[in-house]
Amino acid sequence: MSNARLTIVYYSTYGTNHRMAEIAADAAKAAGAEVRLRKVRETAPEAVWAGQAPWKAHLEATAHVAEATPADMEWANAYLFSAPTRFGTAASQIRAFIDTLGGLWAQGKLSNKAASAMSSAQNAHGGQETTVQTLNNTFCHWGCILVPPGYTDPVTFQSGGNPYGVTVTANGEPIPDAVQNAIRHQARRLAEYAAKIAS
Ligand SMILES: Cc1cc2nc3c(=O)[nH]c(=O)nc-3n(C[C@H](O)[C@H](O)[C@H](O)COP(=O)(O)O)c2cc1C
C-alpha cells in the first residue's frame, strides 16, 4: 500500500476524536500508508474554552499537532475526517476548515479521493449517524469515492453496528476496545481503496 496517502483531519474538544484519529493513523501506517494527522483550528473564543478546564487541557495537550491546510488536502489520495456531534451535525470547527477549500474544489483537486468519516456523541442516538452522513455529503460534493466500513468485518457488529463510519458514545472517556478495532478496520480499508484508486 505504499501509494496510499491519507490525510486524517479531526476536531476534538474533550479528546475523543483526537484519540480516534490517532488510532486510525497508527493502523493506516502499519498497513503501509503515508499518513498526515491534522487537527483543525479552534474557532471558539478563548473566553469560552478557557472557562472549561477539560477543553482548555485538551487544547494545551494537543498544541503540538499540526493544523490542517489545503496543501494537506491536495497531497492526499484519501481523507478520513473525525468530528464530534453538535446538535446532530459535525462541529463547526471542522466545517470552518471545510469552508476554506472552495479554491481547491473549483480546481477539481479534491476529487477522486477515497473518503470516510467518523464521529462521537454523548448519546447513542444523539446524532452519531447523521454527523457521519453530513461529512459524507461534503465528500460527494468534492467527487470523492466513499469508503464506509459497511459490515465488511465482524468488528462493525461488535462496536455498535454503524456501517456509515465508526462512532462512539463518549465525552472524552477511553474508547472501548471493540470501537478501537472498528477504527483500525475503517482506516485499513480506506488505505486499501486509496491504493487501488491510485494504481
Ligand atoms: C454545543 C454542543 C452540542 C452537542 N450536541 C450533541 C448532540 O446533538 N448529540 C449528542 O449526543 N451529543 C452532543 N454533544 C456532545 C458531544 O458530541 C460530545 O461531547 C463529543 O462526542 C465528545 O467528543 P470530543 O471528546 O472529541 O470533543 C454536544 C456537545 C456540545 C458542546
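Everything below is about the structure printed above this text.
Reading the values: rules and limits
- Residues numbered from 1 in each chain as written.
- Predicted model: local features only at pLDDT ≥ 70, side-chain atom pairs only at ≥ 80, totals over all residues.
- Heavy atoms only, no water.
- Pairing = 2+ DSSP bridges.
- Helix = DSSP H or I, 4+ residues; strand = E, 2+ residues; numbered from the N terminus.
- Right-handed = clockwise from strand over helix to strand, strands pointing away.
- Near = heavy atom within 4 Å.
- Polar contact = N/O pair within 3.5 Å; in protein donor to acceptor, adjacent residues only side chain to side chain.
- Areas by Shrake-Rupley, 256 points an atom, 1.4 Å probe, with all protein chains shown as cover.
- Contact = heavy atoms within 4.5 Å.
- Salt bridge = Lys/Arg side-chain N within 4 Å of Asp/Glu carboxyl O.
- Buried < 20%, exposed > 50% of the residue type's maximum accessible area, 1.4 Å probe, protein only.
- Axes fitted to C-alpha atoms, helices over the stretch in contact; angles between N-to-C directions.
- Parallel < 35°, antiparallel > 145°, perpendicular 65-115°, else oblique.
- Left-handed = near helix turned anticlockwise from the far one by under 90°.

Enquirer: Give a description of the pairing of strand β2 (residues 34-39) that names residues and reports values.
Expert: Bridge count between strand β1 (residues 5-10) and β2: 6 bridges; the pairing is parallel. Each bridged residue has a counterpart across the sheet, and for L6 the counterpart in β2 is V35. For the crossover from β1 across helix α1 (residues 16-30) to β2, the handedness is right-handed.

Enquirer: Mind laying out the site of the ligand, listing which residues take part and the relevant values?
Expert: Not every one of the 19 residues close to the ligand is listed here, only the nearest: S12, T16, S120, G126 and N171. One nitrogen or oxygen atom from the main chain of G88 is found 3.2 Å from an oxygen atom belonging to the ligand. Within the backbone of Q122, a nitrogen or oxygen atom sits 3.2 Å from a nitrogen atom of the ligand. If the ligand stood free it would expose 640 Å²; the protein chains cover 83% of that surface.

Enquirer: Quick one: what's the story with the side chain of S82, residue by residue and with numbers?
Expert: As for its placement among the helices and strands, S82 is situated in strand β3 (residues 78-86). Looking at S82, its side chain comes within polar contact range of the side chain of N17, at 2.8 Å. With near-sequence residues (within four places) excluded, S82 lies in contact with V9, Y10, Y11, N17, M20, I94 and M118.

Enquirer: Quick one: what's the story with the environment of R188, residue by residue and with numbers?
Expert: By the secondary structure assignment, R188 is in helix α9 (residues 177-198). Through-space distance from the C-alpha of R188 to that of R38 is 18 Å; in sequence the pair is 150 residues apart.

Enquirer: Lay out the pattern of salt bridges in plain terms, naming residues and giving numbers.
Expert: Going through the model one piece at a time under the given rule, you end up with 7 salt bridges. Notably, a salt bridge pairs K56 with E60, separated by 3.0 Å at the nearest N-O pair. Linking K56 with E60, this pair stays in helix α3 (residues 53-61), spanning 4 residues, or about one helical turn. Here K56 falls in the partly exposed class, since its relative accessible area comes to 32%. A salt bridge links K196 to E192, with the shortest nitrogen-to-oxygen separation between them at 3.9 Å. Of this pair, K196 and E192 both sit in helix α9, 4 residues apart, which is roughly one turn of that helix. With a relative accessible area of 33%, E192 lands in the partly exposed category. Residues participating in the shared-partner salt-bridge network are R36, R38 and D72.

Enquirer: I'd love a proper account of the packing of α1 against α9, names of residues and values included.
Expert: At their nearest, the axes of α1 and α9 sit 8 Å apart, and the two run at 50° to each other. Considering the angle they form, α1 stands oblique to α9. Handedness of the α1/α9 crossing: right-handed. Packed against α1, whose contacting residues are M20, I23, A24, A27 and A28, the element α9 presents Q180, I183, R184, A187 and R188 at the interface.

Purely spatial values, then, with no claim about function.
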